[in-house]
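Inside the fold
This is what each chain is made of:
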Amino acid sequence: MIWNPDVLSRAAQLRAEGTSFVLATVVASYPPQSVRAGAKAILFGDDRIEGWIGGGCVRPVVLQEAREALADGRPRLVRMNAGVASVERQEGAQGSVREYPMTCQGEGGVEIYLEPVQPPPRLVVLGRTPVAESLVRLAAEVGFEVGAALPQDGKVGGSTFVVVATMGAGDEDSLTDAVRSGAPYIGLVASRKKATFLLDYLRAS
C-alpha cells in the first residue's frame, strides 16, 4: 500500500473546514496500468482532483462517479477492466459496484473506491428566546452542528439550515439576513398573524 500523508492531511483539513469532497483510493491495479494500489486522491464536485488515481480514460469515469457520490451521499467501487463489455451497476444497501469497460489502448484494469465525505448538517438559530435555546439543545442531540450567527459574508453552505426564533426582538432584520444567506431551509417561529406580517414585509423590501 502507498502512504499518502499529503492527501490524508488535506482530507482532514477539508473536513474541518466543512467542505464536501470524495476520497478516492485505488484498491487494485492490473498491468499495464501505471497507478498502484493504495494511491489516493481527493475529488471535488467541480471536477478538480488533488492527488493521482490514473489518467486518460480512467479520469472521466471516476470524476462522473464522484459527482454522483456527492449527490447521493453513497460510496461506490468503480471497476474498469478490459474484459467488461458494457457498463453494469450493482446496487447494495451500503453502496454500489460500477463496472466499466477499459477503453485505454493499454487495457489492463483498475478498481477505485470512492467515499463521499460531507460535513454534518448545521443549524443556525437566530434569537435568544426559550424556543431558540430548546432548538439548540435538540439539534445538538440529533447530530447537528449548531451556531447562533450567520457568516460575515452572509452566505452559507448547502448543508446549513436557519431558524429565526427572535420572537419580537429584531424579527425583520434577522429574517432578511436569513433569506440573503442562501440557506436551503429557513424556519420562522411566530404566530400566524406575525408570520403574515413578516412575509409581507419581506416581499415589500
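Structure's up top.
Every chain's residues receive numbers from 1 upward, in the order its sequence appears when written. Given that this is a predicted model, residues contribute local features only at a pLDDT of at least 70 and side-chain atom pairs are listed and counted only at 80 or more, while totals for whole chains, interfaces and linings are drawn from all residues. Here the side-chain values reflect all heavy atoms present in the structure, with hydrogen atoms and water set aside.

Using a 1 Å grid laid over the protein atoms alone, points where a 1.4 Å probe fits but cannot get out form a cavity; open sets with protein on both sides within 12 Å along at least 5 of 7 lines form a pocket; any residue with an atom within 4 Å of a point counts as lining. Grid points are joined across faces, edges and corners, and a volume is the space filled by probe spheres set on the points. In this structure, the largest pocket occupies an estimated 270 Å³ of space. Surrounding the largest pocket, 15 residues form its lining, Glu17, Gly18, Arg122, Glu145 and Thr160 being those nearest its centre. Elements are defined by DSSP. Helices are runs of H or I of four residues or more, strands are runs of E of two residues or more, and each kind is numbered from the N terminus. With three residues, the single largest contributor to the lining of the largest pocket is helix α1 (residues 5-17). All residues other than Ala, Val, Leu, Ile, Met, Phe, Trp, Tyr, Cys, Pro, Asp, Glu, Lys and Arg, Gly among them, are scored as polar; the first ten of these are nonpolar and the last four charged. Among the residues making up the lining of the largest pocket, the classes are represented as six nonpolar, four polar and five charged.

What follows is about the sheet that holds strand β9 (residues 145-147). The sheet built from four strands is open, its strands ordered β9-β8-β10-β11 with parallel pairing. The open sheet terminates on both sides in strands that have one partner only, identified here as β9 and β11 (185-188). Put simply, the sheet's adjacent strands are angled 20 degrees from each other on average, direction ignored. Bridge analysis of strand β8 (residues 122-126) against β9 gives three bridges, and the strand direction is parallel. By the bridge assignment for β9, Leu123 is matched with Val146. Two strands are said to pair when DSSP picks up at least two bridges between them. Axis lines are fitted to C-alpha atoms, over the contacting stretch for helices. Their N-to-C directions set the angle, which ranges from 0 to 180 degrees.

Side-chain rings of Phe, Tyr and Trp, where Trp is taken by its six-membered ring, are said to pair if the distance between their centres is within 6.5 Å; with planes under 30 degrees apart they count as stacked, over 60 as edge-to-face, and otherwise as tilted. Under the definition given, this model contains two aromatic pairs. Relative to Phe161, the ring of Phe144 lies with its centre 6.2 Å away and its plane at 70 degrees, an arrangement referred to as edge-to-face. One end of the pair, Phe144, is in the loop between α3 (130-141) and β9; the other, Phe161, is in strand β10 (residues 160-164), with 17 residues separating them in the sequence. What makes Phe144 partly exposed here is its relative accessible area of 28%. Ring pairs connect the aromatic residues Phe144, Phe161 and Tyr185, which therefore count as one cluster. Distance and angle both matter: a charge sits over a ring if NZ of Lys or CZ of Arg is within 6 Å of the ring centre and within 35 degrees of the ring normal. The aromatic ring of Phe44 is capped on one face by Arg48, whose charged end is 4.0 Å from the ring centroid. Categorising residues by exposure relies on relative accessible area from a 1.4 Å probe, with only protein chains included: less than 20% of the type maximum marks a residue as buried, more than 50% marks it as exposed, and the intermediate range marks it as partly exposed.

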